Amino acid sequence: CIFLPSAVTSPCKILKCNSEFWAATSGSHHLGTEEAPEFCTALRAYAHCTRRTARTCRGDLAYHSAVHGIDDLMVQHNCSKDGPTSQPRLRTLPPGDSQERSDSPEICHYEKSFHKHSATPNYTHCGLFGDPHLRTFTDTFQTCKVQGAWPLIDNNYLNVQVTNTPVLPGSSATATSKLTIIFKSFQECVEQKVYQAEMDELPAAFADGSKNGGDKHGANSLKITEKVSGQHIEIQAKYIGTTIVVRQVGRYLTFAVRMPEEVVNAVEDRDSQGLYLCLRGCPLNQQIDFQTVRSAQATEGRARRKGPSLSAPPEAFTYETATAKCREKLPVEDLYFQSCVFDLLTTGDVNFMLAAYYAFEDVKMLHSNKDKLHLYERTRDLAPGNTAPTGIHPTLWVALLCLSQCWLCLL
């Protein structure tokens, strides 16, 4: 109690580690021979938690007491420092309910683990496709450069990293050539699994050759399904309520995910939560205003690359022919349509039209709000910050707004 007030405002997370350990071991019988493996697993998780918060807990007496206590308990119960560790539960049951057992099948099915009195989970969507275009978990749409390796998702349960490479020599136009997904070990459900895809290699199995979560009790809560050989795979991670779709379209990869908000926001370090693309989007210096480029292309009537390189693509599209081509697959002129036009003008590769088409098909399957499938540029004629249109004096803009309101009143 003496140290509680300072712990509330301190970045040291030792109280969280303590509570997770006691929650994992409370309700157990006497820790004899039959309980030793479970206790050691919880103890190793406790030690792992203290190591994660070590940097911010150097001067915390409760932290140092916990570290010494863990060492003593390891010796007393003959626990090895190497071995499996239990993971924090996704959701705690309401007060009065019996504690969820780690070997219960429900713990490996996210939706079933919700108690009947709990709210229905909210799902979000993120997608990356084309040259490349990003739709974030908050339905923000961006076109980015992001050459090289970038984190797409990074939370307590999985990491996704993409590598983008130039589409053409000398051009800053990039597309996704490599994708790595790491599913972290979770309780009795799945072992750590790694999935990797590259250009011309879209495997239907994890890196170790398996197609599920391993040998644990709930291994089938993580499964890979091949939809189209070499072109389309789907990964179901039911234990975290997540669906991932990876495609190869032409030479490049597309990515789409459906994930509960609770999983999206499950991070140990809130300060670094915004360092991945699906949540915060691309850094400002990596974003491209493709509407400006598109307008220039339409005006000039010829194809043009983003960035300093202006050499013509192998198949030259005019704005009119690119628009006609994209309309074959994308009849609604939303941002997916505009992305298709931009990519054809930038690369001359018709496969980018298919990438935009399949990206929208994945949105239709994965997005939970069917009213938000299409995205339109709401601030197309507005300067940054939703201010008045460029070229109009602010005073005149306010006057025009007032006149429009008066006109509505008269009507």
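What you see is a predicted model, and the numbers here were worked out from it, not measured in a lab.

A.B. asks: Can you walk me through the overall build of the protein in this structure?
C.D. replies: On a plain count of helices and strands, the protein comes out with eleven helices and twelve strands. Look at the contacts in the protein between residues 6 or more apart in sequence, and 57% of them connect residues 24 or more apart. Of the roughly 21,400 Å² of accessible surface on the protein, 54% is carried by carbon and sulfur atoms.

A.B. asks: Where do I start with the nonpolar core in this structure?
C.D. replies: Looking at soluble globular proteins, one finds that nonpolar side chains tend to be buried together. Phe 137, Ile 153, Ile 181, Phe 183 and Phe 255 are the most contacted members of the largest nonpolar core, which has 48 residues in total. If one sorts the elements of this core by residue count, strand E11 (residues 252-260) sits on top with four residues. Beyond its immediate stretch of four places on either side in the chain, Phe 137 contacts Thr 124, His 125, Cys 126, Ile 153, Val 257, Met 259, Val 264, Tyr 276, Cys 278 and Leu 279.

A.B. asks: How should the packing of aromatic side chains be read in this particular structure?
C.D. replies: Think of a pair of aromatic rings as described by two things: how far the centres are apart, and how the planes are tilted against each other in angle. The final tally for this structure, using the stated rule, is nine aromatic pairs. Centre to centre, the rings of Tyr 157 and Phe 186 are 5.9 Å apart; their planes meet at 75 degrees, and the pair counts as edge-to-face. Placement of the pair is Tyr 157 in the loop between strand E4 (148-154) and strand E5 (158-166) and Phe 186 in the loop between strand E6 (174-183) and strand E7 (193-198), with a sequence separation of 29 residues. Of the residues examined, Tyr 157 reaches a relative accessible area of 8% and is grouped as buried. Taken together, Phe 129, Phe 141, Tyr 336 and Phe 360 form an aromatic cluster joined through their ring pairs. Above the plane of the ring of Tyr 123 lies Arg 258, whose end atom (NZ or CZ) is 3.7 Å from the centre. For Lys 329, the ring lying beneath its charged end belongs to Tyr 357, and the centroid distance is 4.7 Å.

A.B. asks: Can you help me understand helix H4 (residues 61-76) in this one?
C.D. replies: Because an α-helix completes one turn every 3.6 residues, residues spaced three or four positions apart along the sequence face the same direction. For H4, which comprises 16 residues, the first-to-last C-alpha distance of 22 Å matches the rise-based estimate of 22 Å (1.5 Å per residue) to within 8%. Asn 78, located one to two residues past H4, shows a positive phi value of around 55 degrees.

A.B. asks: Got a minute to help me understand the side chain of Asn 164 in this structure?
C.D. replies: Position of Asn 164 relative to the elements: it lies in strand E5. Only 2.9 Å separates the side chain of Asn 164 from the backbone oxygen of Val 146, close enough to count as a polar contact. Polar side-chain contacts of Asn 164 include one of 2.7 Å to the side chain of Thr 176. Setting aside its immediate chain neighbours within four residues, Asn 164 contacts Pro 132, Val 146, Gln 147, Gly 148, Thr 174, Ala 175, Thr 176 and Ser 177.

A.B. asks: I would appreciate a short explanation of the state of the cysteines in the present structure.
C.D. replies: What makes a disulfide is a covalent bond joining the sulfur atoms belonging to two cysteines. Summed over all chains, the structure comprises six disulfides. Each sulfur of the disulfide joining Cys 40 and Cys 79 lies 2.0 Å from the other. Here the S-S torsion is close to -75 degrees, and the disulfide linking Cys 40 with Cys 79 is therefore left-handed. One end of the pair, Cys 40, is in helix H3 (residues 36-52); the other, Cys 79, is in the loop between H4 and strand E1 (123-129), and 39 residues separate them in sequence. Exposure remark for Cys 79: the relative accessible area of 10% places this residue in the buried category. A sulfur-sulfur distance of 2.0 Å marks the disulfide that ties Cys 326 to Cys 340.

A.B. asks: What is the right way to look at the pairing of E6 in this model?
C.D. replies: Side-chain positions along a regular strand alternate between the two faces of the sheet. The buried fraction of E6 amounts to eight of the ten residues, a majority that puts the element mostly inside the structure. Pairing analysis gives nine bridges linking E5 to E6, with the strands arranged antiparallel. Bridging across to E6, Leu 158 finds its partner in Phe 183. For E6 and E7, the ladder comprises six bridges, and the chain directions are antiparallel. Each residue of the ladder has a partner; that of Thr 180, found in E7, is Gln 196.

A.B. asks: Would you mind showing me how to read the pairing of E4 here?
C.D. replies: Direction of pairing for E4 relative to E5: antiparallel, over a ladder of six bridges. By the bridge assignment for E5, Trp 150 is matched with Val 162. Linking E4 back to E5 in an antiparallel pair, the connection comprises three residues.

A.B. asks: Honestly, the environment of Tyr 358 in this entry has me stumped. Any pointers?
C.D. replies: Mapped onto the elements of the fold, Tyr 358 is located in helix H10 (residues 351-366). Along the chain, Tyr 358 and Phe 129 lie 229 residues apart, while their C-alpha atoms are 9.0 Å from each other. Setting aside anything within four residues of it in sequence, one finds Tyr 358 in contact with Arg 247 and Val 249.

A.B. asks: Explain the pattern of salt bridges here, please?
C.D. replies: For side chains bearing opposite charge, pairing can occur when the charged atoms are close. Throughout the structure, instances matching the rule amount to six salt bridges. Among the salt bridges present, the one from Arg 247 reaches Asp 362, with a minimum N-O distance of 2.8 Å. Taken together, the residues span a long stretch of sequence, with Arg 247 in strand E10 (residues 242-249) and Asp 362 in helix H10 at a distance of 115 residues. Of the two residues examined, Arg 247 and Asp 362, each falls in the buried class.

A.B. asks: Teacher, can you tell me more about unusual backbone geometry here?
C.D. replies: Of all residues except glycine, most have a negative phi; of all peptide bonds, most are trans. Even without a glycine there, the phi angle at Asp 139 is positive, about 65 degrees. Assignment of secondary structure puts Asp 139 in the loop between strand E2 (133-135) and strand E3 (141-144). The exposure class of Asp 139 is buried, given its relative accessible area of 17%. Positive phi values are uncommon outside glycine, yet Asp 200 reaches one of about 65 degrees.

Parameters and conventions
- Residues numbered from 1 in each chain as written.
- Predicted model: local features only at pLDDT ≥ 70, side-chain atom pairs only at ≥ 80, totals over all residues.
- Heavy atoms only, no water.
- Helix = DSSP H or I, 4+ residues; strand = E, 2+ residues; numbered from the N terminus.
- Contact = heavy atoms within 4.5 Å.
- Areas by Shrake-Rupley, 256 points an atom, 1.4 Å probe, with all protein chains shown as cover.
- Core = buried A, V, L, I, M, F, W, Y, C linked by side-chain atoms within 4.5 Å.
- Buried < 20%, exposed > 50% of the residue type's maximum accessible area, 1.4 Å probe, protein only.
- Phe/Tyr/Trp six-rings, centres within 6.5 Å; stacked < 30°, edge-to-face > 60°.
- Lys NZ or Arg CZ within 6 Å of the ring centre and 35° of its normal.
- Expected span 1.5 Å × (residues − 1).
- Polar contact = N/O pair within 3.5 Å; in protein donor to acceptor, adjacent residues only side chain to side chain.
- Disulfide = S-S within 2.5 Å.
- Pairing = 2+ DSSP bridges.
- Salt bridge = Lys/Arg side-chain N within 4 Å of Asp/Glu carboxyl O.

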